[in-house]
Amino acid sequence: MKIVQHIGKIVWLSVSTAALVLLMGLSIVLGYTDTSIQTAIDAFTSFDGSNEHIIVQSIRLPRALIAASVGACLAIAGVIAQSLTRNPLASPGILGINAGAGFAVVTGVVIFHITDLQTFAWMAFLGATFAAITVYTIGSYGREGLTPMKLTLAGAAMAALFASGTQGLLVMNEAALEQVLFWLAGSIAGRKLEMLTAVLPYMAVGFLLALLLASKLNVLMMGEDVARGLGLKTGLVKLTAGVSIVILAGSAVAIAGPIGFIGIVIPHIARKIIGVDHRWLIPFSGVLGGILLLAADIGARYALMPQEVPVGVMTAVIGTPFFIYIARKGFNHS
Amino acid sequence: MRKYKSLRILGGRISVLTEKKAALTITTLFLIMGAAIVASTGLGDVKVSPMNVLNVFFGGGSDLERLVVTEFRLPRTIVAVFVGMALAAAGAVLQGMIRNPLASPDIIGVTGGAGAAVVGFLAVFSNESNALTVSVNWISLAAFLGALLTASIVYFLAYKDGISPVRLVLIGIGVSALMQALTTFLMIMGPIHRAAQANIWITGSVNGSNWGNVQVLVPLVTVLLLTAFITASKLNIQELGEQLATGLGGRVQAQRLFMLVISTALVGAAVAFGGTMGFVGLMAPHMARRLVGGTYGALLPAAALIGGLLVLFADMIGRTLFLPLEVPAGVFTATIGAPYFIYLLLKTRNS
C-alpha cells in the first residue's frame, strides 16, 4: 500500500480513533456522580471499595465499552447493508433485524412474562436471526438468486410484518408497553459487563468477516455482471455479507435494543470523509459509529438529569444536524 | 431497473396489450372495492346482510339498520378507503420521483412530523387527570400542520440549486429521525396512559370517523388524486432520471416541487384522519407494480385501490375479529399486506 497516497485517510482514522478513546474516558468520568480522571484510574489500580470506585467499575466502564462496540457494530452493518442492496436508504434493519428483535422481545414480555435484560438480549438475538434468515430466503428465491431489489423489498415487507405484530401486542397490552417502551427506543443504560462479554465473540467474528469482505465488496459495487466476470463468487460474497450483518446488528440489538439511526447515517458521513473504498470505509465507519453512540450516551445522561433519556433519542439529536450538513455539502448531482 | 425501463418503452410500442391487462386488473380491483365496502358496512356487532346494506344505500331498511349503516359504519368505511388511497398514491408518486423502492411517505418526514405534532398536542392540551382540555377533533389539524411543517423543513433544508432526490431523502431521513426522537421523548416523559393513547394514534386507526371527516377528506383526496393521475405521464419521464428527463424537455425541478406538494398534501390528509398508518405508502405501490406494470397511468389508480383495500380490510379485521376489543387498523395493514406482497414477490420471477 502506498503510504503517501493514503496519508489523508490515515490521519482521519487516527484522529477519530483518538477521539473515540477520549470519549470513552469522558464517558467513564462524567455523569450524575461526577468523578475525576484520577478516581477513575484509581478504581482500576487501587480499588478501595468506595462508591465512586464501584460506580466506575461496575456501571461506567461497561457502559462506555458497550456504547463503543454497539455503535461500531451498527455502523459497519450499515455499510455492508447499503453495499449489499446498493441502496443508500438501506440500513441493518433492511434484513428485518430490528423489527424481528423487537417482536421477539415484546412476545417474550407479553406471553412468557420475561422481565430481565439478559433474557431480553437472548430473545432479541433469536428474533433478529430468525427475521434475517426469512428475509434472505425470500430475497434469494428464484432462478437468479439474491438480487438487491428482491432483498430490499422482502426486507421492507417482513420488517413491516414484524413491526405490526409488535404494535398489535403493545396496543392490546398497556402494561407490556410500559415495560418495553424504553427498550424499544434503544438504550445502553444498566447493562452489565457480562452482557457485552457474552456477545463480544460474535461481534469480533462479524467484524473480521466484514474486513475480509471489504475488497470483495469493492468489486461487487461495480455491478453483479462485472464482479462475476472478474471471477468473484458473488453468491458466496453476498451470503457472507448477510451473515456478517446479522451477527453485527444482531448482537448490537441484543444489548442495546433497536437503535436505528446509526446504521443508516454513519455510512454516509464516513463515505463522504474517507471515500468509497470498503477497506477504509468499514473500520472508519466503525470508529465513527462508536463516537456517535458514546457522545449520545453522555448527552443522554445530562439532557434531563437526573432522569435518563433513551440513547436512541440522543443519537438522532446529535447526529441529525451533522448529517444534514454533510448531505447538503455533497450530493450535488442526483 | 434496466428491465423495468425497457418494459416501459415496449409498453409504448405495443401499448394495447399491456393496457388491456392493466385495465382488467383495475376493474377487478374496483369490483373488489365495491364488495368490500358493502361487507364492511354490514359487519360488526350488529350484522346487516349485504342485500339489506344495499337496500339502505338506496333509501330503504329498518331504522336500526339505517342508523348502524349510515351513521356508524359508512363514514368509517369511507375514511378508511380514502386514507389508504391517499397514502398509496403518495407513495407511488414519491417512489417515481425519488427513484428508490424504499421511498415512502415516511422518508420525507411527513409521518414523523405528524406523529410528533400529535404527541405534542396530547402533552400540551392534557390536564392533571390526563383528560384533553380541548376537543379531540383538533388532533387532525395538529397532525396535518405537523406533516406540512416538517415537509417544508425537509424541502427547505434539501434545497440547493434545486432539489436532488438523494439529498431530499437523506435529509428527510435525518429530520424524520429527529421527529421520532421527539415523539419517543415525549412519550417516555409523559404518563404511560398518554403514551398508550399516542401509540394507538401512531399505529393508525380510523376509529371514531364521522361525516364531518368525510366531508373534508373526500373532496381533498379526490382532487389531489385526480391531479396526480393527470400528471402521471410526467412521473414516467421523471423515472428515467434527471438527465433524460431534462433532455426530453421536462421541467424537472418544477415537476419535482409539484409532485412533492401533491404527495405531502395527500399524506397530510391521510394522517390527519387515520394516523400514521404504516406499510400502505411503502408497499401498495410495489404490489400495484407487480400487478399492472410500471407505467404510472395504470400504476397510480391500481396503487390507490390497493391502498384503500388494505386499510379497509385492516379496519374490518381490527373491529370485528377481537370483539369487544378494538384493534387499530394500522396493526393489520402489514399483517394482510405483507404475506400477499411476498406471494407476489415469489410469483413474479423477474429475470
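All figures in this text were calculated on a predicted structure; none of them were measured in a lab. (Residues numbered from 1 in each chain as written. Chains lettered and ligands numbered in written order. Predicted model: local features only at pLDDT ≥ 70, side-chain atom pairs only at ≥ 80, totals over all residues. Heavy atoms only, no water.)

**With respect to the overall build of chain A**
Alright, step 1. Assigned secondary structure in chain A consists of 13 helices and zero strands.
Alright, step 2. Taken from N to C terminus, the helices and strands of chain A fall in the order α-α-α-α-α-α-α-α-α-α-α-α-α.
Alright, step 3. Taking 20 Å as the expected radius of gyration for a compact globule of 334 residues, we find that chain A reaches 20 Å, a close match to that expectation.
Alright, step 4. Principal-axis analysis of the C-alpha atoms gives chain A an extent of 65 × 60 × 35 Å.
Alright, step 5. Expressed as a percentage of its 334 residues, the buried residues of chain A come to 58%.
Alright, step 6. By sequence separation, contacts in chain A at least 24 residues apart represent 73% of the contacts at least 6 residues apart.
Alright, step 7. Split by element, the accessible area of chain A, about 13300 Å² in all, is 70% carbon and sulfur. (Helix = DSSP H or I, 4+ residues; strand = E, 2+ residues; numbered from the N terminus. Rg over C-alpha atoms; globule rule 2.2 N^0.38 Å. Buried < 20%, exposed > 50% of the residue type's maximum accessible area, 1.4 Å probe, protein only. Contact = heavy atoms within 4.5 Å. Areas by Shrake-Rupley, 256 points an atom, 1.4 Å probe, with all protein chains shown as cover.)

**Brief notes about the interface of chain B and chain A**
Alright, step 1. Listed by partner, the interface residues are 57 residues for chain B and 53 residues for chain A.
Alright, step 2. Contact between chain B and chain A buries roughly 4700 Å² in total, counting both sides, with carbon and sulfur atoms accounting for 76%.
Alright, step 3. Joining chain B to chain A, the criterion identifies three residue pairs in polar contact (both at pLDDT 80 or more).
Alright, step 4. Only α6 (138-158), α7 (165-189), α8 (192-203), α13 (280-292) and α15 (329-347) of chain B provide two or more residues apiece to the side of chain B that touches chain A.
Alright, step 5. Per element, the largest residue contribution to the side of chain B that touches chain A is 17 residues, and it comes from α7(B). (Buried area = accessible area lost by both parts, 1.4 Å probe. Polar contact = N/O pair within 3.5 Å; in protein donor to acceptor, adjacent residues only side chain to side chain.)

**A few points about the packing of aromatic side chains**
All names here are of chain A.
Alright, step 1. Enumeration over the complete set of coordinates arrives at seven aromatic pairs over all chains.
Alright, step 2. Ring plane angle 45° and centroid distance 5.8 Å describe the contact between F103 and F162, whose orientation is recorded as tilted. Of this pair, F103 sits in helix α4 (residues 97-111) while F162 sits in helix α6 (residues 148-172); the two residues are 59 residues apart in sequence, bridging distant segments of the chain.
Alright, step 3. Note on F103: relative accessible area 27%, which makes it partly exposed.
Alright, step 4. Take F162: its relative accessible area is 9%, and that puts it in the buried class. (Phe/Tyr/Trp six-rings, centres within 6.5 Å; stacked < 30°, edge-to-face > 60°.)

**What to know about α4(A)**
Alright, step 1. Here α4(A) is 15 residues long and its end C-alpha atoms lie 21 Å apart, about the 21 Å a rise of 1.5 Å per residue gives.
Alright, step 2. Across the 15 residues that make up α4(A), a large majority, 13, are buried. (Expected span 1.5 Å × (residues − 1).)

**Observations regarding the packing of helix α1 (residues 7-29) of chain A against helix α12 (residues 278-302) of chain A**
Residue and element names in this part refer to chain A.
Alright, step 1. Viewed as axis vectors pointing N to C, α1 and α12 meet at an angle of 25°, and their least axial separation amounts to 9 Å. By the angle between their axes, α1 is roughly parallel relative to α12. Helix-helix and strand crossings are classified by hand; for α1 and α12 the assignment is left-handed. For the pair formed by α1 and α12, the contact residues are K9, I10, W12, L13, S16, T17, A19, L20, L23, M24, L26 and S27 on the first element and W280, P283, F284, V287, G290, I291, L294, A295, D297, I298 and R301 on the second.
Alright, step 2. Among the residues forming the contact of α1 with α12, the class breakdown is 16 nonpolar, four polar and three charged. (Axes fitted to C-alpha atoms, helices over the stretch in contact; angles between N-to-C directions. Parallel < 35°, antiparallel > 145°, perpendicular 65-115°, else oblique. Left-handed = near helix turned anticlockwise from the far one by under 90°. Nonpolar A, V, L, I, M, F, W, Y, C, P; charged D, E, K, R; others polar.)

**Here's the deal with the packing of α4(A) against helix α10 (residues 234-256) of chain A**
Packed helix pairs are specified by the crossing angle of their axes together with the interaxial distance, meaning the distance between the axes.
Residues and elements named next belong to chain A.
Alright, step 1. Here α4 crosses α10 at 40°, and the two axes come no closer than 10 Å. Looking at the two axes, α4 sits oblique to α10. In this structure, the crossing between α4 and α10 has a hand that is right-handed. Residues I97, N98 and A101 of α4 form the contact with α10, whose participating residues are I245, V246, A249, G250 and V253.
Alright, step 2. In terms of residue class, the contact of α4 with α10 is built from six nonpolar, two polar and no charged.

**Some remarks on the side chain of A:S164**
Alright, step 1. Relative to the assigned elements, A:S164 resides in helix α6.
Alright, step 2. With relative accessibility at 5%, the residue A:S164 sits in the buried group.
Alright, step 3. Setting aside residues up to four positions removed in sequence, A:S164 forms contacts with B:V331, B:A334 and B:T335.

**Overview of the nonpolar core**
Alright, step 1. A:V70, A:L95, A:I97, B:L168 and B:L266 are the most contacted members of the largest nonpolar core, which has 230 residues in total.
Alright, step 2. With sequence-adjacent residues up to four places away left out, B:L168 is seen in contact with B:M97, B:I98, B:I108, B:V154, B:A158, B:I163 and B:L260.
Alright, step 3. In terms of nonpolar packing, the next biggest core, distinct from the first, is built from five residues, B:V38, B:V53, B:V56 and B:V69 among them. (Core = buried A, V, L, I, M, F, W, Y, C linked by side-chain atoms within 4.5 Å.)

**Some remarks on the pattern of salt bridges**
Alright, step 1. For the structure shown, the criterion picks out nine salt bridges over all chains.
Alright, step 2. A salt bridge links A:E224 to A:R86; the shortest N-O distance between them is 3.7 Å. Taken together, the residues A:E224 in helix α9 (residues 224-229) and A:R86 in the loop between α3 (51-85) and α4 connect sequence positions 138 residues apart.
Alright, step 3. Taking the shortest distance from any N to any O, the salt bridge between B:D315 and B:R76 comes out at 2.8 Å. Placement of B:D315 in helix α14 (residues 296-320) and of B:R76 in helix α4 (residues 63-98) is noted, with a sequence separation of 239 residues between them. Just as B:D315 is buried, B:R76 falls in that class too.
Alright, step 4. Each of A:R86, A:E224, A:R228 and A:K238 takes part in one network of salt bridges that share partners. (Salt bridge = Lys/Arg side-chain N within 4 Å of Asp/Glu carboxyl O.)

**Quick notes on helix α2 (residues 37-45) of chain A**
Residues and elements named next belong to chain A.
Alright, step 1. What α2 keeps buried is the set T39, A40 and A43. Relative to the axis of α2, the buried residues are bounded by an arc of 105° and lie together on one face. Turned more than 90 degrees off the buried face of α2, the exposed positions are I37 and T45.
Alright, step 2. In this structure, the buried side of α2 is in contact with α1 and α3. (Arc of directions from axis to C-beta.)

**Regarding the confidence of the model for chain A**
Alright, step 1. The share of residues in chain A with pLDDT of 70 or more is 98%, and the mean pLDDT across the chain is 84.
Alright, step 2. When mean pLDDT is compared element by element in chain A, α12(A) scores highest at 92, while helix α7 (residues 174-185) of chain A scores lowest at 76. (pLDDT = per-residue confidence, 0-100.)

**Some details on unusual backbone geometry**
Alright, step 1. One non-glycine residue with positive phi stands out, namely A:R86, at about 50°.
Alright, step 2. For A:R86, a relative accessible area of 36% gives the class partly exposed.

**Regarding a nonpolar patch on the surface**
Alright, step 1. Together, A:M172, B:L321, B:F322 and B:L325 make up an exposed nonpolar region whose accessible area comes to about 370 Å².
Alright, step 2. For B:F322, the location among the structural elements is in the loop between α14 and α15.
Alright, step 3. The exposure class of B:F322 is partly exposed, given its relative accessible area of 33%. (Patch = residues over 30% accessible without salt bridge, like charges linked within 9 Å, V, L, I, M, F, W, Y side chains within 5 Å.)

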